[in-house]
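As a plain string of letters, each chain reads:
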Amino acid sequence: MLHSVPGGTLRARLLIGLLGVTGAGLLLTCVVGFLTLRTFITERLDAQLVLAAERAMVRLDNDIPPVGVDAPSSSPYIVVLLDPRTGEVRQVFGDAMREDVVLDRIDAMPLDELTAHAADAEIFDLEGGDTSVPPHRATVRLRPDAILVAGVPTNDREEYSWQLVLTQLITAALLLTGLALAGRWLIVRGLEPLSRMATTADRISTGSDLSARMPGSDSSSEAGRLAAAINTMLRRLEHAFDAQRASEQRVRAFAADASHELRTPLTTILGYAELYRQGAIPDAELPEAMGRVENEAARMSRLVAELLELARLDRVGSLQLGRADLAAVIRGMVDDARTLEPEREISLEAPAELWCDVDEARICQVVANLLGNVRDHTPPGTAARVRLEGREAEGVAVLRVSDEGPGMGEEDLRRAFDRFYRGNREPGGGSGLGLAIVHAIAVAHDGRVDIAAEPGGGTAVTVRFPLRQAAEE
């Protein structure tokens with residue numbers, strides 16, 4: 001936890017924002033309270049003033065002094081009678097403080113202005129002169145023989161309003177001080193998960209351990225949701241880096257295997273070429289030596305072709321999809337396999353037609369590789385079965401090629417689709433890329449391949465292709 005609030009941190013900005021908003025709210029409350037109280041007291045004084053003026057008029061109509069002549073009055077107002085021609089003060093009634101100031105203020109007003117106030121029955125502030133004396137609320141009434149000016153002091157309005165302002169300012173200062181202390185503690189505590197996440201992020205960015213996770217991701221708060229989102233991103237990054245490392249390892253292993261596979265035929269070809277250059281091959285053995293060179297060159301050519309085929313299949317968009325009758329394609333490939341091995345029984349189960357969105361050339365390659373595996377890894381005459389069916393409910397076409405050969409072990413089944421993996425089945429050789437190419441073609445079609453050992457012996461490879469590509473649906 002930080003014990004100081006630097007000026008540019010989120011905590012400082014939140015605290016300043018909190019105090020600023022609260023201070024503005026308190027200031028607005030103070031202004032509204034001041035104006036409301038002042039208006040309320042003014043309205044009350046105006047009501048008292050109107051009542052005092054009306055009573056004074058009634059008492060004067062009855063030849064009674066408005067508030068008594070001999071004794072001071074407890075009335076909070078003052079009544080002044082003026083000569084309507086000269087404006088001189090005739091009589092003063094009431095018990096006003098600083099009566100001289102009030103009379104000076106009235107004397108300073110022109111008669112026509114007083115007459116105008118009387119005509120409108122307007123209540124106005126009587127002020128001027130000595131500023132230490134608060135203004136009076138005053139009103140004017142016209143009598144046949146005089147001008148009556150009634151006023152009430154506004155001491156209460158001025159004192160109470162500013163007392164309220166002072167009280168609110170003191171309260172606001174105390175409240176802001178308490179809010180600053182409590183708000184700082186609450187903000188520091190509320191942002192503590194972000195501090196822990198920042199520490200974890202620093203640890204991840206400065207090291208190689210991507211397994212670290214943000215704390216507090218099980219909380220339903222905003223920080224908890226942020227931690228959960230970051231943890232999801234970290235998991236994806238970790239999986240991406242793991243996949244990248246695995247891909248790099250596969251590439252290195254693939255390069256090593258390819259180099260090893262190419263080195264053997266190259267060594268053979270170079271050896272025979274060296275022997276021929278040195279004249280160490282008798283003329284009678286030369287055809288056999290050239291045959292070995294030709295076989296190794298053909299083997300190397302097949303290997304390079306298969307490697308290029310895998311490289312093409314690894315690229316996105318390597319297929320040339322078209323509408324094809326899968327049943328007709330499979331029947332043609334099975335007929336070719338029967339021609340190559342008349343002694344091997346190859347049975348076929350397929351519908352009359354099965355239309356599918358596939359790359360026809362790649363499908364031929366799949367069938368050729370699967371039947372080639374049967375030919376290379378089972379004894380001559382071993383029966384094989386090819387079955388094709390369309391599953392409309394699943395939206396897939398299923399091709400199954402099985403044999404009755406010696407079968408495969410668990411390790412061979414597990415690694416059957418690894419590139420350059422040959423396994424231990426006898427007889428036969430090959431480059432170990434046949435099933436890898438089948439797997440790559442199926443994946444390129446958005447399908448999949450499964451391999452399993454048959455219960456009675458032998459091996460079955462099942463390939464699934466979508467009947468229709470999603471882009472054309």
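What you are looking at is a predicted structure, and each value in this text was computed from that prediction instead of being measured.

(A) A look at the overall build of the protein. Regarding its fold elements, the protein presents 11 helices and 12 strands. For the protein, long-range pairs separated by at least 24 residues make up 63% of all intrachain contacts whose partners lie at least 6 apart in sequence. For the protein, the computed accessible surface area is about 27200 Å², with 56% contributed by carbon and sulfur atoms.

(B) Quick peek at the pattern of salt bridges. Under the counting rule described, the total for this entry stands at 20 salt bridges. Note that arginine 143 is salt-bridged to aspartate 61, the shortest N-O span being 2.8 Å. Of this pair, arginine 143 sits in the loop between β4 (136–142) and β5 (147–153) while aspartate 61 sits in helix α1 (residues 10–61); the two residues are 82 residues apart in sequence, bridging distant segments of the chain. Looking at arginine 143, the relative accessible area reads 16%, which means it is buried.

(C) Geometry of a nonpolar patch on the surface. Judged by side-chain polarity, Leu10, Leu14, Leu194 and Leu226 come together as a nonpolar surface patch covering roughly 290 Å² of accessible area. Within the fold, leucine 10 resides in helix α1.

(D) Geometry of the environment of isoleucine 78. Here isoleucine 78 lies in strand β1 (residues 78–82). Isoleucine 78 sits in the buried class, given a relative accessible area of 2%. Between the C-alpha atoms of isoleucine 78 and alanine 53, which are 25 residues apart in sequence, the distance is 9.5 Å.

(E) Highlighting the nonpolar core. Ranked by internal contacts, the top residues of the largest apolar core, which has 39 residues, are Leu326, Ile330, Leu370, Val386, Leu399, Ile451 and Val463. When contributions to this core are tallied by element, the ones reaching two or more residues are α8 (326–340), β8 (355–358), α9 (360–377), β9 (384–391), β10 (396–403), α11 (434–444), β11 (448–453) and β12 (459–466). Sort the elements by how many residues they give to this core and α8 lands first, with 7 residues. When near neighbours in sequence (up to four residues on either side) are disregarded, leucine 399 contacts Ile330, Val366, Val367, Val386, Arg387, Leu388, Val461, Thr462 and Val463. One finds Leu45, Leu81, Leu148 and Ala150 within the second-largest nonpolar core, a separate group that totals 16 residues.

(F) Looking closely at the confidence of the model for the protein. A residue-level look at the protein finds 85% of positions with pLDDT of 70 or above and a mean pLDDT of 79. In this model, residues 68–75 is a region of pLDDT below 50 whose contacts with residues beyond four sequence positions or in other chains number 6 contacts.

(G) Examining α1 more closely. For α1, with 52 residues, the first-to-last C-alpha span of 76 Å sits near the 76 Å given by 1.5 Å per residue. Aspartate 63 lies just past α1 and shows a positive phi near 60°.

(H) Quick peek at the packing of α9 against α11. The N-to-C vectors of α9 and α11 enclose an angle of 150°; their axes lie 9 Å apart at closest approach. Taken together, the axes of α9 and α11 lie roughly antiparallel to each other. Note on packing geometry: the crossing formed by α9 with α11 is left-handed. Within the contact between the two elements, α9 uses Arg362, Gln365, Val366, Asn369, Leu370 and Asn373 and α11 uses Gly434, Leu435, Ile437, Val438 and Ile441. Of the residues that constitute the contact of α9 with α11, the class distribution is 6 nonpolar, 4 polar and 1 charged.

(I) Molecular detail of the sheet that holds β5. The strand order across the open sheet formed by 5 strands is β2-β1-β5-β4-β3, and the pairing between neighbours is antiparallel. Whereas interior strands pair on both sides, the edge strands pair on one side only; in this sheet they are β2 (89–94) and β3 (124–126). On average, adjacent strands in this sheet sit at an angle of 30° to one another, irrespective of strand direction. In this structure, β3 lies alongside β4, joined through 3 bridges in antiparallel fashion. Across the sheet, leucine 126 pairs through a bridge with histidine 136, a residue of β4. Helix α2 (residues 99–107) rests against β1, β2, β3, β4 and β5 of the sheet, and its axis sits at about 40° to β1. Its contacts with the sheet put helix α3 (residues 111–120) on β1, β3, β4 and β5, and the angle it makes with β4 is roughly 85°.

(J) Main features of the packing of aromatic side chains. Counted according to the given criterion, the structure contains 1 aromatic pair. With a centroid separation of 4.9 Å and 50° between ring planes, the pair formed by phenylalanine 34 and tryptophan 162 is classed as tilted. Placement of the pair is phenylalanine 34 in helix α1 and tryptophan 162 in helix α4 (residues 155–190), with a sequence separation of 128 residues. Exposure remark for phenylalanine 34: the relative accessible area of 14% places this residue in the buried category. Owing to a relative accessible area of 51%, tryptophan 162 belongs among the exposed residues under this scheme.

(K) Representation of the sheet that holds β9. If you walk across this open sheet you meet the 5 strands as β7-β9-β10-β12-β11, and the pairing is mixed. Here the strands that pair on one side only, and so sit at the sheet edges, are β7 (346–349) and β11. Mean inter-strand twist for the sheet, computed between neighbouring axes without regard to direction, equals 15°. Note that β9 and β10 share 8 bridges and pair antiparallel. Bridging across to β10, glycine 390 finds its partner in alanine 397.

(L) The arrangement of the UniProt feature "transmembrane region" (unreviewed entry) in the protein in detail. Within this structure's numbering, the places UniProt gives as "transmembrane region" (unreviewed entry) are residues 12–35 and 165–187. Secondary structure content for residues 12–35 is 100% helix and 0% strand, and the end C-alpha separation is 34 Å. Within residues 165–187, the helical portion is 100% and the strand portion 0%, while the C-alpha atoms at the span's ends are 31 Å from each other.

(M) Fine view of unusual backbone geometry. For alanine 121, which is not glycine, the phi dihedral falls at a positive 55°. For alanine 121, the position within the fold is in the loop between α3 and β3. Phi at aspartate 446 takes a positive value of approximately 65°, unusual for a residue other than glycine. If you trace the backbone, aspartate 446 turns up in the loop between α11 and β11. With a relative accessible area of 59%, aspartate 446 lands in the exposed category.

Cut-offs and rules
- For every chain, the first residue of its written sequence is number 1, and the numbers climb from 1 along that sequence.
- Only residues with pLDDT of at least 70 are given local features in this predicted model, and only at 80 or more are side-chain atom pairs given and counted; all residues enter the totals for whole chains, interfaces and linings.
- Based on all heavy atoms of the structure, the side-chain values leave hydrogens and waters out of the count.
- Numbering of helices and strands starts at the N terminus; helices are DSSP runs of H or I of at least 4 residues and strands are runs of E of at least 2.
- Every residue pair with non-hydrogen atoms within 4.5 Å of one another is taken to be in contact.
- Residue-level accessible areas treat just the shown protein chains as cover; the underlying method is Shrake-Rupley with a 1.4 Å probe.
- Between Lys or Arg on one side and Asp or Glu on the other, a salt bridge is scored when a side-chain nitrogen of the former is within 4 Å of a carboxyl oxygen of the latter.
- Relative accessibility under 20% of the residue-type maximum defines a buried residue, over 50% an exposed one, and the middle range a partly exposed one, all with a 1.4 Å probe and only protein chains included.
- Within the patch definition used here, like charges are joined within 9 Å and nonpolar side chains (Val, Leu, Ile, Met, Phe, Trp, Tyr) within 5 Å, considering only residues with over 30% relative accessible area and no salt bridge.
- Take the buried Ala, Val, Leu, Ile, Met, Phe, Trp, Tyr and Cys residues and link them wherever side-chain atoms come within 4.5 Å; each set so joined is a nonpolar core.
- The quantity called pLDDT is the predictor's confidence in a given residue, expressed from 0 to 100.
- To estimate the expected span of a helix, count its residues, drop one, and scale the result by 1.5 Å.
- The convention used is that axes are lines fitted to C-alpha atoms, helices contributing only their stretch in contact, and that angles between N-to-C directions extend from 0 to 180 degrees.
- For classification purposes, angles smaller than 35 degrees are called roughly parallel, those larger than 145 roughly antiparallel, those between 65 and 115 roughly perpendicular, and all remaining angles oblique.
- Handedness of a helix crossing follows the sense of rotation of the near helix relative to the far helix, less than a right angle counterclockwise being left-handed and clockwise being right-handed.
- Polar here means any residue other than Ala, Val, Leu, Ile, Met, Phe, Trp, Tyr, Cys and Pro, which are nonpolar, and Asp, Glu, Lys and Arg, which are charged; Gly is therefore polar.
- By definition, two strands form a pair when at least two bridges between them are found by DSSP.
- Centres within 6.5 Å are what make two rings of Phe, Tyr or Trp a pair, Trp counting through its six-membered ring; a difference in plane orientation under 30 degrees is then read as stacked, over 60 as edge-to-face, and the rest as tilted.
- UniProt positions are given in the numbering used here, feature names are shortened, and annotations may be inferred rather than shown by experiment.

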